[in-house]
Each structure stands twice: as structure tokens, then as C-alpha cells.
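Commentary on secondary and tertiary structure
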There are 2 protein chains.
Amino acid sequence: METVDCIIRAEYLLTMEGDLSVINDGAIAISSDTIQDVGTFAEITKKYSSEKVLCGKNKVVFPGLINTHSHAAMVYFRGLADDIPLQEWLEKHIWPAEGKWMSAEFVDDAVGLACLEMLKSGVTTYTDQYFFQSIAAKKVTKIGMRGVLGAGVIDFPFTGYASSVEDYFTNAENLINEYKDDELITPCIAPHATYTCSPENYRRANEISAKYNVPIHTHVAETQFEISQIKDRYGKTPVEHLDAIGLLTERFIAVHCVWLTDKDIEILAERKVGVSHCIESNLKLASGIAPVPKLLNAGVKVAFGTDGAASNNDLSILGEMSTAAKVHKAISGDPTVLDSKTALLMATKNGADIIGLGDKVGSIKAGKKADIVIANLNKPHLSPIYDIYSHITYSMRPSDIETVLVNGKVVVDNRTLTTMDEAEILGKAREWQAKIKE
Amino acid sequence: METVDCIIRAEYLLTMEGDLSVINDGAIAISSDTIQDVGTFAEITKKYSSEKVLCGKNKVVFPGLINTHSHAAMVYFRGLADDIPLQEWLEKHIWPAEGKWMSAEFVDDAVGLACLEMLKSGVTTYTDQYFFQSIAAKKVTKIGMRGVLGAGVIDFPFTGYASSVEDYFTNAENLINEYKDDELITPCIAPHATYTCSPENYRRANEISAKYNVPIHTHVAETQFEISQIKDRYGKTPVEHLDAIGLLTERFIAVHCVWLTDKDIEILAERKVGVSHCIESNLKLASGIAPVPKLLNAGVKVAFGTDGAASNNDLSILGEMSTAAKVHKAISGDPTVLDSKTALLMATKNGADIIGLGDKVGSIKAGKKADIVIANLNKPHLSPIYDIYSHITYSMRPSDIETVLVNGKVVVDNRTLTTMDEAEILGKAREWQAKIKE
């Protein structure tokens, strides 16, 4: 009998491996930060013993959810401006607010709130595009979450962060060098979009991505406005343009992909580009609805992203799953598309794959890191239970997430963050609110 | 100084009256089941005192949410069958399950679970179409919720409830006679749909509705399949058909209204028919998306319904608000449609108006019944706060609803039902699950 650090028992265990069948009364043996073994509770307890055995009845256990696109620090602009056109939203509200407030201190405090919200809704890894990522990395590490932090690049300087365009690349390389062997942080580079980054800046970002083998993460084909701008400028679609300048590889994460031609979809499939689908943000900004069933049929890996809380207005991947699974049925007229298993696969394994962490997280499998979510099913809105996948996709809410492990460590224990003081994080949000509101 | 039974204090008080402006540090004075006065906390406490003062800081208070369409007892079929076409869903899963299980005992137990779920998500009134409503009425009364219970009518008998079609009408009149002066229950009549009810049965239902002045509640234009069936049978759209047989009056609640012509919209507006919009069910069954912005522009009153949990898969009106406010923006390409104030108005005042309870509930106003929701804003996903309407529509979750009053009585106190044992209700759901699963 081998002793392990922790055994997690589950009435329903979803590994998201193989044929996705449910392990009833399942268990996971965890040693340090790693999943050592997976099976039924009877099998696991024949081989392993532990002083720490988590949960049991009425619990479902599944891999930590992966948020493949966000601007975490923008959580401080949640609800600052809603129900207005995109350009007005950006130009009159978001950009002025960022210009006025974005700073190392702002990012430090805001990222704390974003991570708290994400962890308590079962998100264990988030992928980000923003500035001051070395500050963010320290907070993400302190709070104990996994972050794929993309240092932003844009064609014009940003006071306080990049006094010249050169600085974006310097900051990105510094971030990558500092965190390239980190346990929790995956540094990467994140040019903003084809309409704000020149081909030259994209090529430089791609060289850095190739040199260090880190992801490159950018907005693609979000709005019709963007499509017409890129057509005017380059005579191409954004996907064709990025392909022509050599950007599309497996390291590339294409965010949004709302307006795609059939040829664009072929290109994305051929180049094995991963797509981050941010349906709630796209709906709320009236950008449109990405052709996800077509992308999946073409063999493109699609995962979910929340985008920033200023346009969503939350950071819940459970919400994205439910919205996407429902909306794509009505849009395609086919109730079989994006079924509940596919939705959870996109939120876990596909998510890890497209951000380059497929070997490390995204499923519950011996050898992978223990990023695990335990949810409580003993709730009115989750009763009765016939199909556990259906419940996770269509009925589960962030408040059902009870316990969360990242890298083998319990970071949320019975809905309480173990690594930082929640009241302090909320208090800081109220302080910033008072300043920003003025 | 007058003594009242209860004073509710709120950091943000939304009455949903007048210009919808927020009362900061507001208060409500309640005597017995009725709202006696509304104002700032300073104003109210100058005039009234009470031994019971509820809440204060970090709380938002708004009228109880109104669910204008459901089949509450179907909560026991939640997740029984998903991701399959509508006809297969109905014919192979739902109808056989109803045929096998629907009974007085089933309805009694299932309605308990549905009411528990609704109350804990801030829904204080629900409108229903089902059978055994006299059984449901007793459970709704016991749990302390408000119900507009529609006795179903359909062209063929249903063993155990109606041995002939005549029985549907007898059951409906009995229900109406028993509950017509009830405090919590509004009895009504609910023919199923134009493709399952003959013009003759619609006319008889309408006579009963007129005789007792109670609502008549039916499915209209839900699917394209229905549109073509009614076209074949009557040479008309469902709305034209119902208008031709004299059904469309202010007492009429038209549920779904997904497939409407411009002429249909004109007719609905002219006849002052209320529309129950069930977007999540319509999306999930791939039925389509109702033209809500057009209906609102035409002056039609639209409110939200969850439909049954078998097709949704929950009974949350907050969820309907968020989904509708986002989806209609993308469909219309206009981010200003269905703004957050409109969404809350639809979920409260419009809801009460279309089900004939506009004088009694739906807003916080002296003389109306005290159906009131208190939500906790001290949450990561509700921080910071700039626009309270935005937060309720786009960021609030059922778990933020802390305390709920119906008819002046606290039925949910700090997330616990006060009127029945929650564990017993969940236990019954597990018992039925075991039977139904076999």
C-alpha cells in the first residue's frame, strides 16, 4: 500500500479522456503536484492510502476549466459602460479609462479580483492579453492559479508601460526569460489585432514566439468593421493576411474568429491554429456569432474564452459553455450541435491543447498536474440527475464549485480562497471603484 | 411615528416605477402583506419604526422576478434528454415519461422542487401550464410562492387526469372556483397549442377565461413545423388563426412567438396581447429566436419565461435576462437593444402586467403586495459597481439572491427556505430519479 498526499473521491468522476465515460464512485490519487492514478474508489484504495481524502457523495469531479482569452485586469471596468456601440464603448469609455488608470498598481489589484472570481467559478488556467504581465504573474503565483500571460504589443507607445514600440518586445522577452521554466506561469506574446499591429510587428512577435516556443495570442476577425479595414489595407481577410505574413502555426491562438470565410476555415484547419471562442462578449458587443459548428467539422480545435469582464460581464467558463451550447443550436437550426460532452471537452482538454498545455493539464490522467474541480450536486437546480454532462453544461452555476485544486494545492476550499484574504481583494475593488467613478 | 411590521433597507433600491432611477440608501416600510411606503432610509425612518429591519450595506433590493411561462412539474425531467431534435425529444422521451409518471403525487413532489429552485433564484411568481393544478396550488401555497396556475387543455384524454376532453374544462372550472379569491394563487386556463387544440376547444377555454376574468395561456408559433401545420390546416399563421377565432384579448398570454410575420406583430399589438419570451428553451431546442426588439418597438409587452426545466435546463429568470439581453444584440447587430434596464423591467413590471397581476405585484410601490428580493453585492463577480442595472442583468447569479419576501412573508432567509425542509424536497427528487431512471 503506497501513501499519497491526497485522494479525491467522487460520486461522478469525469476524466475527459478516452470515450468520456463517467467513472461512478471514482477516485484520484495525488502526489505532490501530480495526478498519480485514476480509477474507481475501490481500485484506488486497494493501491493507495492517504491521510487526506476529499469529498464523496453528491460530488462531481472534473478537470479545471480553461479560459483561453481574457484581459483579466479589465475586471475593474466591469459594468462601466454597456448597451452602446463597440466604437463608442472603446473610444469614449474603455480607452480613456485605461489611459487614465492602467498602471502596475492597477494591474496588481485588478488581477487579484479576476483570479478570485475565476477560481471560485472553477477556472484553474487563464490566458491573457494585457500589459504589466510581470506584475500580474506575481499576483497569479501568490493566489496559486495557472496563467498563460501574454505581453501585449501594439503599434503605438503606452505611457507608463512602453515609451516606444521597442519596449513592448523588450517587456515580452523579459517576461519570457523570467518565467519560461515556471510551474504556474506560461509567458507568451500577444499582439493586439491586425488593425492595430503592422505586419512587421507581427513578424517580430512571431520570431519571439518561435525562439522561445511560447504561444502567440491575438484577436482575429472580431467585427465586420475589422474585416473591411483589413480588406482595404491588405486586400485580404484577417486570416489570409496573417497566413501570408507567416504567422499561422500551432503556436498561434486566434481569438474571436467571428467573421470567417470557408477558405479562412480551411486555412485555420491546415495550419492547426487553435480558436478561442468568446461568445458572450461577441453577443453583448453585437459583433456577431462565430461559425463554431463549421470550425469543429473542419477539425479546428475550438475552446472557450471569456474576454474581459468589461464586455461579458463575468469571467465564468460555465456561462460560456451554456450560452454557446444553446446559441449554436438555434443559429444552425440543429439541436444536436455542441452537445454537452463537446462543451465540457472544449472547456477542458481542447482549452489546454490550444494554449500549448495539453501535456500538462486539461484532463485527469496519471502524470498530468492536479488541476481539479469538485462541485456539489446537492442543489435544487441540479436535481434530479440523469446525465451529469448535461448538468454541467446546462444547469451548473459557479456557486456549485466547492473546492478547487491547482498544481495539487487546494486553492479554494469549500468556497473560500485559501491563499489570500477575499475581503481584502473586495475592499481594494471598492477603493478603485470610488476613484474610477469620479 | 407609526410602527410597521418590517423595514427593508437597501444600498440600492430599484422600485421599477417612474423613470427607474435608483434610490441610494433606500427603504421600504411593510405592513402585513403590503408595501406601505417607499423612499430613502432617512425619509422612511422619520415616519416609521419597526422591530424588524432587514439588511443594509452591500445589498440591492428589487421586485420579485416574474416567470411568465413554465411547466413546473417537468423539473423532474431535467436533463433526461438533451441535444436531440424536438420531435424525437417529445415523442421518444418526454411524452413517454409523462405518460408513465405524471400523477397527482408526481406533481405534488415535483412542484415543491420547482418552487424551491425558483424562490432561491429570486422568482416570486410563476405562471404555469400543466395538469393536476389543484394539487400544485396546495404545494405552492404551503411553500409560500405566488402562482398563476393554468389548467391544461388538449384535444385527447389523459389517463388519470382527464378521461374525456370534457374533464379538462371541468377541472379548470373547479380550480378557478376554488382559488378565484385566493391571496397567492391565480387560477387560469391553458390550452396547449394551436396544433393540439381545436378551434372549438379554444373557444370553450376562452369562454371560461372571460366568464371568470382569468388569463388564458397558450403556446404560439414556437417552431417552423407548427407554422406549416397550421398553414396546412387553416391557411393562416397561428396568430391570425387565434385572432380569427376570437381568442386574442388582454387576457391572452402568447408563449414563445418565435416565428411571427410583421402582420402577426401588428395584430398582437392591436389586441394588447402579452408575449412570454422563453429564449433559453427556444435556443436549446433549436426552435429559433423570437423577434423581441420588433415586438417591443411595436408596443407589445414582452416578459420572460423559463419554459420547463426539461428544455432549459433551469428555472432562473436572471439567466433568461442575461441570455436575451446578449443574444438580441448580436441577432439585430445593434448593441443598444434590450439594455439592462429594459431587461429588468421585462422581468418584473412587464411580467406582472401580462399575467394580469400588474395592480398587485411587479414593482415596489405603496399599496402593492410585498414581493421583494434582496441580493448581496459583496461578491467577486459583482465588483466593482458602477451601474446596478448592468450588474443585475449581466453579472448577477441566482446564488446572490439572499432573502426573498412573498406577500410580506420572508420565504427565503439568507438562502434558506423558511416554509419547508429543503433536504426533504431534495430527497424526494432523488427518490423519483431512481424510479424514472430505471
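Computed from a predicted model, the values in this text were never measured in an experiment. Along each chain, numbering runs from 1 in the same order as the chain's sequence is written. The lettering of chains begins at A and the numbering of ligands begins at 1, in the order of writing. Restriction of local features to residues with pLDDT of at least 70 applies here, the model being predicted, together with a cutoff of 80 or more for giving and counting side-chain atom pairs; totals for whole chains, interfaces and linings are based on all residues. For the side-chain quantities, the full set of heavy atoms in the structure was used; hydrogens and water were omitted.

Here we look at the overall build of chain A
Strands here are runs of E lasting at least two residues and helices are runs of H or I lasting at least four, both read from the DSSP assignment and numbered beginning at the N terminus. When its secondary structure is counted, chain A shows 15 helices and 19 strands. Just to be clear, the radius of gyration here is over C-alpha atoms, and the globule rule we use is 2.2 Å times residues to the power 0.38. Here chain A has a C-alpha radius of gyration of 21 Å; the compact-globule value for 438 residues is 22 Å, and the two agree. The principal-axis extents of the C-alpha atoms in chain A amount to approximately 65 × 45 × 40 Å. Accessibility here uses a 1.4 Å probe with only protein chains present; expressed as a share of the type maximum, an area under 20% marks a residue as buried, one over 50% as exposed, and anything in between as partly exposed. When the 438 residues of chain A are sorted by exposure, 66% land in the buried category. Note on contacts: a residue pair qualifies if any of its non-hydrogen atoms lie within 4.5 Å across the two residues. Here the contacts in chain A between residues at least 6 apart in sequence split such that 72% fall between residues at least 24 apart. His is not counted here, nor are the chain ends, while Lys and Arg score as positive and Asp and Glu score as negative. One atom stands in for each charge, and that atom is NZ of Lys, CZ of Arg, CG of Asp or CD of Glu. Positive and negative charge centroids in chain A, built from 44 and 58 side chains respectively, lie 2 Å apart.

Looking at the interface of chain A and chain B
Contacts between the two partners involve 64 residues from chain A, matched on the other side by 64 residues from chain B. Take a side-chain nitrogen of Lys or Arg and a carboxyl oxygen of Asp or Glu: if they are within 4 Å of each other, that pair is a salt bridge. Inspection of the chain A/chain B interface yields ten salt bridges. The salt bridge involving arginine 397 of chain A is made with glutamate 117 of chain B; its shortest N-O contact spans 3.8 Å. Distance and chemistry together define a polar contact, namely a pair of N or O atoms within 3.5 Å, with one atom able to donate a hydrogen and the other to accept it when in protein, and with adjacent residues in sequence counting only for side-chain atoms on both sides. Between chain A and chain B we count 29 residue pairs in polar contact (both at pLDDT 80 or more) in total. Only strand S2 (6–13), helix H3 (104–119), helix H10 (279–284), helix H12 (317–332), helix H14 (388–395) and helix H15 (422–437) of chain A provide two or more residues apiece to the side of chain A that touches chain B. Element by element, the count of residues in the side of chain A that touches chain B is highest for H15 of chain A, at six residues. Residue polarity is assigned by list, with Asp, Glu, Lys and Arg as charged and Ala, Val, Leu, Ile, Met, Phe, Trp, Tyr, Cys and Pro as nonpolar; anything else, Gly included, falls into the polar class. Class assignment for the residues of the side of chain A that touches chain B results in 30 nonpolar, 16 polar and 18 charged.

Comments concerning the relation of the copies chain A and chain B
When the copies are overlaid, the least-squares fit takes in C-alpha atoms only where the residue has pLDDT of at least 70 in both copies. Expressed as a screw transformation, the operator carrying chain A onto chain B has a rotation angle of 180° and an axial translation of 0.0 Å, and the superposed copies differ by an RMSD of 0.0 Å. What the superposition gives is, in effect, a two-fold axis relating one chain to the other. Across chain A, the smallest distance between a C-alpha and the rotation axis is recorded for serine 399 of chain A, namely 3.2 Å. Comparing interface residues between copies, 100% of those in chain A also lie at the interface in chain B; the contact surface is shared.

Overview of the environment of aspartate 37 of chain B
All names here are of chain B. Its location among the elements puts aspartate 37 in strand S4 (residues 34–40). Setting aside residues up to four positions removed in sequence, aspartate 37 forms contacts with Ala27, Ile28, Ala29, Ile44, Lys47, Tyr48 and Ala366. Side-chain polar atoms of aspartate 37 contact the side chain of lysine 47, separated by 2.7 Å.

Describing the domain arrangement of chain A
All names here are of chain A. One can read the domain layout of chain A as domain 1 (2–64 + 371–416) and domain 2 (76–354). If you average the C-alpha positions of domain 1 and of domain 2, the two centres end up 29 Å apart. Contacts between the two partners involve 27 residues from domain 1, matched on the other side by 29 residues from domain 2. Two parts placed together each lose some accessible area under a 1.4 Å probe, and the buried area is that loss summed for both. Both faces considered, domain 1 and domain 2 share a buried interface measuring about 2200 Å² in area, 64% of it formed by carbon and sulfur atoms. Of all residues in domain 1, the largest losses of buried area upon contact with domain 2 belong to Met16, Thr393 and Tyr394, amounting jointly to 26% of the total for that side. Boundaries of every domain are those given by an automatic assignment or by a domain database.

Regarding the side chain of aspartate 33 of chain A
Residue and element names in this part refer to chain A. Summarising the element assignment, aspartate 33 is placed in the loop between strand S3 (23–31) and strand S4 (34–40). Judged by its relative accessible area of 18%, aspartate 33 falls in the buried class. Setting aside residues up to four positions removed in sequence, aspartate 33 forms contacts with Glu183, Lys368, Lys369, Ala370, Asn407 and Gly408.

Some words on the packing of H12 of chain A against H14 of chain A
All names here are of chain A. Think of each axis as a best-fit line through the C-alpha atoms, taken over the contacting stretch in the case of a helix, with angles from 0 to 180 degrees between the N-to-C directions. Across the interface, H12 lies against H14 with an axial gap of 7 Å and an inter-helix angle of 95°. On the basis of their axis angle, the class for H12 and H14 is roughly perpendicular. Contacts between H12 and H14 pair Leu318, Met321, Ser322, Ala325, Lys326 and Lys329 from the former with Ile392, Thr393 and Tyr394 from the latter. A breakdown of the residues in the contact of H12 with H14 according to their chemical character gives five nonpolar, two polar and two charged. Angles below 35 degrees are treated as roughly parallel, those above 145 as roughly antiparallel, those between 65 and 115 as roughly perpendicular, and all remaining angles as oblique.

A few points about the packing of aromatic side chains
Residue and element names in this part refer to chain A. Within 6.5 Å between ring centres, the rings of Phe, Tyr and Trp (the latter by its six-membered ring) count as paired, and their orientation is classed by plane angle as stacked under 30 degrees, edge-to-face over 60, tilted in between. Evaluation of the coordinates by the stated rule reveals 22 aromatic pairs over all chains. Seen in terms of ring centroids, phenylalanine 131 and tyrosine 168 are 5.8 Å apart; in terms of plane orientation they differ by 45°. Their pairing is tilted. On the criterion of sequence distance, the pair formed by phenylalanine 131 in the loop between strand S9 (123–130) and helix H4 (133–143) and tyrosine 168 in helix H5 (residues 165–179) is long-range, its members being 37 residues apart. Judged by its relative accessible area of 12%, phenylalanine 131 is buried. Tyrosine 168 sits in the buried class, given a relative accessible area of 0%.

Describing the packing of helix H3 (residues 104–120) of chain B against helix H15 (residues 422–437) of chain B
Residue and element names in this part refer to chain B. Interhelical geometry of H3 versus H15 gives an angle of 130° and a closest axis separation of 10 Å. Compared by their axis directions, H3 and H15 come out oblique. Every pair of crossing elements has a handedness; the one defined by H3 and H15 is left-handed. Every residue of H15 that contacts H3 at Glu105, Phe106, Asp109, Gly112, Leu113, Leu116 and Lys120 is listed here: Glu422, Ile425, Leu426, Lys428, Ala429, Trp432 and Ile436. A crossing counts as left-handed when the near helix is turned anticlockwise from the far one by less than a right angle, and as right-handed when that turn is clockwise.

Things to note about H15 of chain A
Helix span, expected: 1.5 Å multiplied by one less than the number of residues in the helix. Here H15 of chain A is 16 residues long and its end C-alpha atoms lie 22 Å apart, about the 22 Å a rise of 1.5 Å per residue gives. Within H15 of chain A, burial applies to Glu422, Ile425, Leu426, Ala429, Trp432, Gln433 and Ile436 of chain A. Within H15 of chain A, the buried residues cover an arc of 120° as seen down the axis, which keeps them to one side. In this structure, H15 of chain A carries Ala423 and Glu431 of chain A as exposed residues pointing more than 90 degrees from its buried face. Against helix H2 (86–101), H3, H4 and strand S19 (416–417) of chain A together with strand S2 (6–13) of chain B lie the buried residues of H15 of chain A. The directions considered for the arc run from the helix axis to the C-beta atoms.

Structural notes on the nonpolar core
Residue types Ala, Val, Leu, Ile, Met, Phe, Trp, Tyr and Cys, when buried and joined through side-chain atoms within 4.5 Å, form a set referred to as a nonpolar core. Within the largest apolar cluster, 277 residues are counted, with the highest numbers of intra-cluster contacts made by Phe62 and Phe106 of chain A together with Phe62 and Phe106 of chain B. Sequence-distant contacts of phenylalanine 62 of chain A, that is, excluding residues within four places in its chain, are made with Leu14, Leu344, Ile364, Ile372, Val373, Ala375, Ile392, Met396 and Ile401 of chain A. If you look at the next biggest cluster of nonpolar residues, it comprises 16 residues, including Ile8, Ala10, Ile28 and Leu405 of chain B.

What to know about helix H5 (residues 165–179) of chain B
Residues and elements named next belong to chain B. Along its 15 residues, H5 runs 22 Å from first to last C-alpha, staying within 8% of the 21 Å computed at 1.5 Å per residue. For H5, the full list of buried residues reads Tyr168, Phe169, Ala172, Leu175, Ile176 and Tyr179. For H5, the angular spread of the buried residues around the axis is 125°, confining them to a single face. Looking at the buried side of H5, the elements it contacts are helix H4 (133–143), strand S10 (146–153), strand S11 (185–191) and helix H6 (199–212).

Quick look at the pairing of S3 of chain A
Across a regular strand the side chains alternate sides, sitting on one face of the sheet and then on the other. All names here are of chain A. Pairing between strands requires that DSSP locate at least two bridges from one strand to the other. Where S2 meets S3, seven bridges bridge the pair, whose relative direction is antiparallel. Bridged to leucine 13 within S3 is isoleucine 23. Note: S3 against S4, six bridges, orientation antiparallel. Residue pairing for S4: serine 31 is matched across the bridge by threonine 34. The antiparallel hairpin formed by S3 and S4 contains two residues in its connecting segment, where serine 32 sits at a positive phi of about 55°.

Brief notes about the state of the cysteines
Any two cysteine sulfur atoms lying within 2.5 Å of each other are counted as a disulfide. In total, this model carries zero disulfides over all chains according to the counting rule given. Just so you know, cysteine 197 of chain A is unpaired, no disulfide at all, and the nearest cysteine sulfur is the one on cysteine 188 of chain A, 14 Å from it.

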